[in-house]
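Structural description and commentary
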Amino acid sequence: MKSTIIQLPLQTSSLIAGFMVWVLISSLMPNIRQDIDLTNGEVALVTAIPVILGSVLRIPIGYYTNRFGARLIFTISFIALLFPVFYISQADSLADLVIGGLLIGIGGATFSIGVTSLPKYYPSSKHGFINGIYGSGNIGTAVTAFAAPVLAGSFGWVTTVRFYLVLLLAFAILNFVFGDRKEKKMNVSIVKQVKEVYRNSTLWALCLFYFITFGSFVAFTIYLPNFLVNEFNLTPVDAGLRTAGFIALSTFMRPIGGWLSDKFNPYFILLFVFGGLTFSGVLLSFSPTIELYTTGVLTVAACAGIGNGTIFKLVPLYFTKQAGIVNGLVAAMGGLGGFFPPLVLTTVFSLTGHYAIGFMALSEFALLSFVIVLWMTFREKLKLENKVLENTAQGMMVTNEEGIIERVNQAFTKVTGYEKEEAVGQKPSILQSGRHGQHFYSALWNELKDQGYWQGEIWNKRKNGDVYLEWLTISEVCNDAGDVKYYVGQFSDISESKRKIN
């Protein structure tokens, strides 16, 4: 029991440690450049490189967490990070930074561990908030963004990097000792899981959403320290403090986003998120002053944080059996979303002399996501209506204004014997028993047109020829102009109850 209780704080603090290592190079880049001569393009490459492995590895790490548990995967990850961190402390060239930077991406990949493991310990009504709390572990990037330049000023960047070896050893031991050895595990083939989900449009929509929200967070985190120094002539410590503020705000908003998605429709939350990101992208495109730039960046932080928390409420909601692989895929796309923007911004600046086009691209992608969320909201509403129809105990039949059957439910098939494919496209006359004359049907339609509905007993015939008595209600469905567009018939077989009465 105690092992279960400590999993949330243990895994969240482990994520903090992993993210502290993940942004080590970008946070120390102004100091590193004093010893290693790098062009702006090389700086953009080196600071973006950790995102590659940190993104790609999230897929197998999510899968193997489901298979072997968070304890083992966290422990292995922290041990594996010892080599690249030590290697970076020895770096004296671009190649060393690229190699070491690629491998410290393991720190960013640890994100997939908790979002796969922690929902196993809590009911679905709390998944948004729990994943939001775990996701707040990205505050580790703020810790490094602020503390690393300060430590480097006192001890030098080489010694500062080596301090992180102690951190990694400590968390490897903590997870080995206190990790849950009895965590529920799933041994399902990764190929089978991918086949089950890769055609699901919801998966790729969530990937796009996280590409924008978490990608924005990562991109600004790794790009701001160097950007603020070069663009606004701030000191490395001041730039680190401002970057830490960006990270802290986004981190604080993440569990709030998860909590909001537990309480309200997650799609409504995402509409707010992408509306805000669209606005901030436009503002950053035309921000000549640091005050306006700060406003735009903080808007990105708030919206990205809320969005990150909301999206991982939706993942276990739609993909319970494939949570590991889907968490990995979505998280990987979020990480890749942080890889490309710094390179794009650098390329745009080298070609145009400003960053407006790059920030406008953020606005356009956010606007596209806004439109997709609107479509998904409408689709969810239709799905709910379909489920209501399919799970109604009474037989239901929907016809158009011409009387052609367009929809039936399972209860219709159970009562009449006609499958959906056999009934759709036909007229309700396929059920006529022959016991009612034309006068009966004329009176039925006259009452329906006068009152908008008809209700009563009627003899109908099943597909196998059996005649039965049903209680039928027919209602008109009109558009806003008052024109009839559909007729809905609800019925139940009352033959047995009639026989008992008689």
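As a reminder, the structure under discussion sits directly above these lines.
Residues numbered from 1 in each chain as written. Predicted model: local features only at pLDDT ≥ 70, side-chain atom pairs only at ≥ 80, totals over all residues. Heavy atoms only, no water.

Notes on a nonpolar patch on the surface
Counted only if it meets this: Think of a patch as exposed residues, more than 30% relative accessible area, with no salt bridge, where like charges cluster within 9 Å and nonpolar side chains (Val, Leu, Ile, Met, Phe, Trp, Tyr) cluster within 5 Å. Areas reported here follow the Shrake-Rupley algorithm with a probe of radius 1.4 Å; residue values treat only the protein chains shown as occluding. A pair is scored as a salt bridge if a Lys or Arg side-chain nitrogen falls within 4 Å of a carboxyl oxygen belonging to Asp or Glu. In this description a helix means any DSSP run of H or I spanning at least four residues, a strand means any run of E spanning at least two, and both kinds are numbered starting from the N terminus.
A cluster of nonpolar side chains, contributed by Ile173, Leu174, Phe176, Val177 and Phe178, occupies part of the molecular surface with about 460 Å² of accessible area. By secondary structure assignment, the location of leucine 174 is in helix α12 (residues 157-178).

A word on the nonpolar core
What tends to happen in soluble globular proteins is that the nonpolar side chains get buried as a cluster. Where we set the bar: Here, nonpolar core means buried Ala, Val, Leu, Ile, Met, Phe, Trp, Tyr and Cys residues that are tied together by side-chain atoms lying within 4.5 Å of each other. Each residue is placed in one exposure class: buried if its accessible area under a 1.4 Å probe, protein chains only, is under 20% of its type's maximum, exposed if it is over 50%, and partly exposed if it falls in between. Any pair of residues with heavy atoms lying within 4.5 Å of one another is described as a contacting pair.
Judged by nonpolar contacts, the single largest core of 104 residues is most densely connected at Phe111, Phe209, Phe220, Phe246, Phe274, Tyr293 and Val330. The leading source of residues in this core is helix α14 (residues 201-232), at 18 residues. When near neighbours in sequence (up to four residues on either side) are disregarded, valine 330 contacts Leu203, Leu206, Cys207, Tyr210, Ile311, Phe312 and Val315. Leu448, Tyr468, Leu472 and Tyr487 belong to the second-largest nonpolar core, a separate cluster that totals 18 residues.

Details of the pattern of salt bridges
Where charged atoms from two side chains of opposite charge come close, those side chains can pair. Under the counting rule described, the total for this entry stands at 5 salt bridges. The partner of lysine 313 in a salt bridge is aspartate 262, with the nearest N and O atoms 2.9 Å apart. Highlighted residues: lysine 313 in helix α17 (residues 290-318) and aspartate 262 in helix α15 (residues 236-263), separated in sequence by 51 residues. A salt bridge links lysine 463 to glutamate 422, with the nearest nitrogen and oxygen atoms 2.5 Å apart. You can see lysine 463 sitting in the loop between β3 (453-461) and β4 (467-478) and its partner glutamate 422 sitting in helix α21 (residues 420-423), a full 41 residues away along the chain. Judged by its relative accessible area of 31%, glutamate 422 falls in the partly exposed class.

Some points on the sheet that holds β4
The condition is simple: Strand pairing is defined by DSSP finding a minimum of two bridges between the two strands. Lines fitted to C-alpha atoms define the axes here, with helix axes fitted over just the stretch in contact, and angles between the N-to-C directions of these axes take values from 0 to 180 degrees.
As summarised here, the arrangement of the 5 strands in space is β2-β1-β5-β4-β3, forming an open sheet in which the pairing is antiparallel. Taken across any chain shown, the strands that pair with only one partner, and hence form the sheet edges, are β2 (405-408) and β3. Looking at each pair of strands side by side, their axes are set apart by 25° on average, direction ignored. Where β3 and β4 come together, 9 bridges link them in antiparallel fashion. Bridge pairing links asparagine 460 to tyrosine 468 in β4. Helix α22 (residues 438-451) contacts β3, β4 and β5 (484-493) of the sheet and is inclined by roughly 155° relative to β3.

Some points on the packing of aromatic side chains
This is how it is decided: In summary, the pairing rule links any two rings of Phe, Tyr or Trp, Trp by its six-membered ring, whose centres are within 6.5 Å, and it sorts them by plane angle into stacked for under 30 degrees, edge-to-face for over 60 and tilted for everything else. Consider the ring centre and the ring normal. A charge sits over the ring if Lys NZ or Arg CZ is within 6 Å of that centre and within 35 degrees of that normal.
All chains considered together, the criterion is met by 22 aromatic pairs. Note on phenylalanine 209 and phenylalanine 274: the rings are 5.3 Å apart at their centroids and 50° apart in plane angle, and the pair reads as tilted. Here phenylalanine 209, found in helix α14, pairs with phenylalanine 274, found in helix α16 (residues 266-285); they are 65 residues apart in sequence, far enough to count as distant. Here phenylalanine 209 and phenylalanine 274 have matching classes, each one buried. The interplanar angle of 85° and the centroid separation of 6.1 Å between the aromatic rings of phenylalanine 440 and tryptophan 454 together place this pair among those described as edge-to-face. You can see phenylalanine 440 sitting in helix α22 and its partner tryptophan 454 sitting in strand β3, a full 14 residues away along the chain. Under the relative-accessibility criterion, phenylalanine 440 is labelled partly exposed at 23%. By the ring-pair criterion, three or more aromatic residues cluster together here, those being Phe19, Trp22, Phe111, Tyr134, Tyr210, Phe214, Phe217, Phe220 and Phe246. Above the plane of the ring of phenylalanine 176 lies arginine 71, whose end atom (NZ or CZ) is 4.6 Å from the centre. The ring centre of tryptophan 459 lies 4.3 Å from the NZ or CZ of arginine 435, which sits over that ring.

The analysis is restricted to geometry; functional conclusions fall outside its scope.
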